[in-house]
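Geometric and topological summary
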Amino acid sequence: GESVGLHLPTLSVQEGDNSIINCAYSNSASDYFIWYKQESGKGPQFIIDIRSNMDKRQGQRVTVLLNKTVKHLSLQIAATQPGDSAVYFCAERAGGSYIPTFGRGTSLIVHP
Amino acid sequence: NAGVTQTPKFRILKIGQSMTLQCTQDMNHNYMYWYRQDPGMGLKLIYYSVGAGITDKGEVPNGYNVSRSTTEDFPLRLELAAPSQTSVYFCASNKPPGQQETQYFGPGTRLLVL
């Protein structure tokens, strides 16, 4: 069935490096995508979103890229810091739906 | 604003017991959701509501019930707790799609059923 998934369950980086977290989606009707950060023991926190009429969106130290041709989404974190250590989820929502579908998550570990 | 608040933070239940997980938001959001998150997994939708008096089933509604009598509150009821309901439960809310629809999550309720 339609699904959202992540390629890498765990990503380890050194402090100061750039991190890239990937996400594949299969629902061609999806038109809204969101990245969340979940720190240990806390609820998910919105990071950045992008609509399907865009290819790229930038925030503070984060960039989301959307490739609709291959149904791929990525989150880039610049100058990764220990405070970025968390699980990152992508979610997608199809047009006309109220409900986002969440992927399994990628654990980002930042080594000082 | 306090955002989305959930109580209790942690609870241990015996099999067959019942309980209500409370969720309140003070952002005047129409849309509210209940998710469960099992270890190492993503979020699965239990129930959602698009406004007071309106609720609908999500992906995994069995064993749960909800009500939405006010905009602010969206309690989740477990009638006969089972070990399979051991999980972390998150409540979330947002404005309707198209209106700055960032989804805000509560801190979660950790439930252990023994």
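Look a little higher up for the structure.
Basis of the calculations
- Residues numbered from 1 in each chain as written.
- Chains lettered and ligands numbered in written order.
- Predicted model: local features only at pLDDT ≥ 70, side-chain atom pairs only at ≥ 80, totals over all residues.
- Heavy atoms only, no water.
- 1 Å grid on protein atoms, 1.4 Å probe; cavity = no way out; pocket = protein on both sides within 12 Å on 5 of 7 lines; lining within 4 Å.
- Points joined across faces, edges and corners; volume = space filled by probe spheres on them.
- Helix = DSSP H or I, 4+ residues; strand = E, 2+ residues; numbered from the N terminus.
- Nonpolar A, V, L, I, M, F, W, Y, C, P; charged D, E, K, R; others polar.
- Buried < 20%, exposed > 50% of the residue type's maximum accessible area, 1.4 Å probe, protein only.
- Polar contact = N/O pair within 3.5 Å; in protein donor to acceptor, adjacent residues only side chain to side chain.

Considering the layout of surface pockets
What the largest pocket holds in volume is close to 370 Å³. Residue lining of the largest pocket: 24 residues in total, with Q37, D38, P39, G40 and M41 of chain B positioned closest to the centre. Elements with a contribution of two residues or more to the lining of the largest pocket: β9 (86-94) and β11 (106-111) of chain A together with β9 (87-94) and β11 (109-113) of chain B. Residues that form the lining of the largest pocket fall into these classes: 10 nonpolar, nine polar and five charged.

Topic: the environment of N94 of chain B
All names here are of chain B. Relative to the elements of secondary structure, N94 occurs in strand β9. For N94, a relative accessible area of 4% corresponds to the buried category. Once the C-alpha coordinates of N94 and Y31 are considered, the two residues, 63 residues apart in sequence, prove to be 5.3 Å apart. A polar atom in the side chain of N94 sits 2.8 Å from the side chain of Y33.

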